[in-house]
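Listed here are the chains, written in short residue letters.
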Amino acid sequence: MSIQTELQQTIEDMIDSTRGILAADESSPTIAKRFKSINVESTEENRRAYRSLILSTPDLGKYICGVILFEETLAQKSDDGVPLPEVCIQQGIVPGIKVDKGKIPLANASGEEITQGLDGLAQRLEQYKTQGARFAKWRNVYHISDRTPTHQAVIANSEVLARYAAICQSKGVVPIVEPEVLIDGDHTIERCSEVSQFVFHELYHALQRHHVVLEHTILKPNMMVAGKNFAHKESPERVAEETIKILRRTVPAAVPSINFLSGGQTPEEATANLNAINQAGSQPWELSFSYGRALQQPALKAWQGKAENSDKTQAALFQRARLNSLARTGKYTSDMENN
Ligand code: 13P
């Protein structure tokens, strides 16, 4: 199979009109933080047990088309001894892998960050493919303040994301490109839009410079929301209006799917906002989800590190996956939260 055919096949297996992506790729420090919130120690066995449990949720593939895994998870097995990527495949879910190596301070740019992990990426992708991964994810972050993100940080980060995407495609792996304009701060929704427009615009310039085939990429952006310390929450309709406006200005129609991150929104907010986005009329791309916290938070809370809570944990994940699948077609209503 040629690389182009391989990439196209993965896109077709991951994109349809009802499903979305589960981000279960928390790095070791991040999963430790999540486990701490339920008083569970982050041991390798606890991470395996939790991820085995959620990936084995019966019928998860009805609502989820892809799962982003962390490197460690690729090599772990379910309670029944099945490799976890294989558990995904058996559910009709495409396994993927987070390939960035986290953020470091961007030199000479106070308060700004850049994501590392390009060195050796091509070789790592070859290894991940033998373990079942067919797509990858790389996250960059942009901090909003009165003086950031600077031009310097936006250009440097775009270049890195584009180089990552180009390397992935050269290895037959579909890149999820994740520029996250952070929710931290007290900025307005308009300021989030202004920054996101700049970030997305520069990103697509860089992807073009690096000859990335847009048809074989997925964009994972933030929605346009006010900062989490802003005085009030914008309505889902307002979030949808701003989000679509900025995406239409910056994301070429050749991109097949936009799968939002939740980025600190509550599970209910993330679902309601996605629903409003999908109710706002037809767009050139699919508009779906790639949530981490907004899918997993209720499941983690139900689990508490105890095997006797397995059914409750899976039910909580299944419920959020189902509601987001409805939101993905604009058919969610808030009264469904109680059913
Ligand atoms: P959240 O939905 O929790 O923001 O996570 C998505 C993700 O994969 C961040 O890289």
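Cut-off values and rules
Here the residue numbers are simple positions, counted from 1 along each chain's written sequence. A pLDDT threshold of at least 70 governs which residues receive local features in this predicted model, and a stricter bar of 80 or more applies before side-chain atom pairs are shown or counted, although totals over entire chains, interfaces and linings include all residues. Note that water and hydrogens are dropped before the side-chain values are worked out from all heavy atoms of the structure. Only DSSP runs of H or I covering at least 4 residues are called helices, and only runs of E covering at least 2 are called strands; the numbering of each starts at the N terminus. Here the term buried applies to any residue with accessible area under 20% of the maximum for its type, exposed to any over 50%, and partly exposed to those in between, with areas from a 1.4 Å probe on protein chains only. Contacts between residues were defined by any pair of non-hydrogen atoms, one from each residue, lying within 4.5 Å. A 1.4 Å probe and the Shrake-Rupley method give the accessible areas. Residues count as covered only by the protein chains that appear here. Positive charges come from Lys and Arg, negative ones from Asp and Glu, while His and the chain ends are left out of the count. For charged residues, the charge sits on one atom: NZ in Lys, CZ in Arg, CG in Asp, CD in Glu. One heavy atom suffices: a residue is near a molecule or strand as soon as one of its heavy atoms comes within 4 Å of it. We define a polar contact as two N or O atoms separated by no more than 3.5 Å, with the added condition that, inside protein, one atom must be a possible hydrogen donor and the other a possible acceptor, whereas residues neighbouring each other in sequence contribute only through side-chain atom pairs. Residues were grouped as follows: Ala, Val, Leu, Ile, Met, Phe, Trp, Tyr, Cys and Pro as nonpolar; Asp, Glu, Lys and Arg as charged; and all remaining residues, including Gly, as polar. Criterion for a disulfide: a pair of cysteine sulfur atoms within 2.5 Å. For helices, the fitted line uses only the C-alpha atoms of the stretch in contact; every axis is such a line through C-alpha atoms, and the angle between N-to-C directions lies from 0 to 180 degrees. Orientation is classified from the angle alone, with under 35 degrees giving roughly parallel, over 145 giving roughly antiparallel, 65 to 115 giving roughly perpendicular, and any other angle giving oblique. For any helix crossing, the convention is left-handed if the near helix is rotated counterclockwise from the far helix by under a right angle, and right-handed if that rotation is clockwise. A pair of strands is labelled paired if DSSP reports no fewer than 2 bridges between them. Both site types are read off a 1 Å grid over the protein atoms alone. A 1.4 Å probe that fits but cannot get out defines a cavity, while an open set with protein on both sides within 12 Å along at least five of seven lines defines a pocket; lining residues have an atom within 4 Å of a point. Grid points are joined across faces, edges and corners, and a volume is the space filled by probe spheres set on the points. What a helix is expected to span follows from its residue count: subtract one and scale by 1.5 Å.

A. Expanded view of the overall build of the protein chain. In terms of regular secondary structure, the protein chain is built from twelve helices and ten strands. Dimensions of the protein chain along its principal axes, counting C-alpha atoms only, are 50 × 45 × 40 Å. Taken across its 339 residues, the protein chain has 55% of its residues classed as buried. For the protein chain, long-range pairs separated by at least 24 residues make up 79% of all intrachain contacts whose partners lie at least 6 apart in sequence. Accessible surface, the protein chain: about 14000 Å² in total, of which carbon and sulfur atoms supply 49%. Of the charged side chains in the protein chain, 37 are positive and 41 negative, and the gap between their average positions amounts to 1 Å.

B. Examining the site of the ligand more closely. In the vicinity of the ligand, 13 residues are found, and the nearest of them are Lys-137, Lys-220, Ser-262, Gly-263 and Arg-293. Contact distances for the ligand include 2.9 Å between an oxygen atom and a side-chain N or O atom of Glu-178. Arg-293 is positioned such that a nitrogen or oxygen atom in its side chain is 2.7 Å from an oxygen atom of the ligand. Coverage of the ligand by the protein amounts to 92% of the 300 Å² it exposes when considered alone. Elements with a minimum of two residues in the shell around the ligand: strand 6 (135-142) and strand 10 (286-291). By residue class, the composition of the shell around the ligand is three nonpolar, four polar and six charged.

C. Spatial organisation of the side chain of Asp-25. Positionally, Asp-25 belongs in the loop between strand 1 (20-24) and helix 2 (28-36). Setting aside anything within four residues of it in sequence, one finds Asp-25 in contact with Arg-51, Ile-68, Leu-69, Phe-70, Lys-98 and Lys-137.

D. Just the state of the cysteines, in detail. For the structure shown, the criterion picks out zero disulfides. Looking at Cys-65, it has no disulfide partner, and the nearest cysteine sulfur is the one in Cys-88, 12 Å off. Under the relative-accessibility criterion, Cys-65 is labelled buried at 1%. For the unlinked cysteine Cys-168, the closest cysteine sulfur is that of Cys-65, found at 17 Å. Relative accessible area serves as the criterion here: at 0%, Cys-168 is assigned to the buried category.

E. Focus on the environment of Gly-330. Mapped onto the secondary structure, Gly-330 falls in the segment after helix 12 (310-327). Between the C-alpha atom of Gly-330 and that of Thr-30, which follows or precedes it by 300 residues, the distance is 31 Å.

F. Highlighting the environment of Glu-286. Mapping Glu-286 onto the fold places it in strand 10. For Glu-286 and Val-160, which are 126 residues apart along the polypeptide, the C-alpha to C-alpha distance reads 25 Å. Those residues in contact with Glu-286 that sit more than four places away from it in its chain are Ile-15, Asp-16, Ser-17, Pro-256, Ser-257, Ile-258 and Arg-328.

G. The arrangement of the packing of helix 11 (residues 293-303) against helix 12 in detail. It is the contact of helix 11 with helix 12, at a shortest axis distance of 7 Å, that shows an interaxial angle of 160°. Taken together, helix 11 and helix 12 sit at an angle that is classed as roughly antiparallel. By crossing handedness, the relation of helix 11 to helix 12 is classed as right-handed. Residues Ala-294, Leu-295, Pro-298, Ala-299, Ala-302 and Trp-303 of helix 11 touch helix 12, and the partners they reach there are Lys-312, Thr-313, Ala-316, Leu-317, Arg-320, Ala-321 and Asn-324. When grouped by side-chain class, the residues that make up the contact of helix 11 with helix 12 number nine nonpolar, two polar and two charged.

H. Just the sheet that holds strand 2 (residues 64-69), in detail. Spatial strand order, 1-2-3-6-7-8-9-10: eight strands in a closed barrel with parallel pairing. Where strand 3 (residues 94-98) lies against strand 6, three bridges are found, and the strand directions are parallel. Opposite Gly-96, over in strand 6, you have Phe-135 as the bridge partner. On top of the sheet, helix 10 (residues 267-279) reaches strand 9 (257-260) and strand 10; it is set at about 170° to strand 10, its chief contact.

I. Seen up close, the pairing of strand 2. For strand 2, the tally of buried residues reaches six of six residues, placing the bulk of the element in the interior. Direction of pairing for strand 1 relative to strand 2: parallel, over a ladder of five bridges. Of the residues in strand 2, the one forming a bridge with Ala-23 is Ile-68.

J. Structural detail: empty space enclosed by the protein. Within the structure shown, the criterion is met by one cavity of 30 Å³ or more. Estimates place the volume of the largest cavity at around 60 Å³. Glu-180, Val-181, Leu-182, Ile-183, Asn-222, Met-223, Val-225, Leu-261, Ser-262, Gly-263 and Gln-265 together form the lining of the largest cavity. Of the residues that constitute the lining of the largest cavity, the class distribution is six nonpolar, four polar and one charged.

K. Spotlight on helix 7 (residues 151-170). Counted at 1.5 Å a residue, the expected span for helix 7 with its 20 residues is 28 Å, and the 29 Å between its end C-alpha atoms agrees. If you check which residues of helix 7 are buried, you get Ala-153, Val-154, Asn-157, Ser-158, Val-160, Leu-161, Ala-162, Tyr-164, Ala-165, Ile-167, Cys-168 and Gln-169. Residues of helix 7 that are buried in the fold lie against helix 1 (3-14), strand 5 (113-115), helix 6 (121-130), strand 6, strand 7 (174-181) and helix 8 (189-209).

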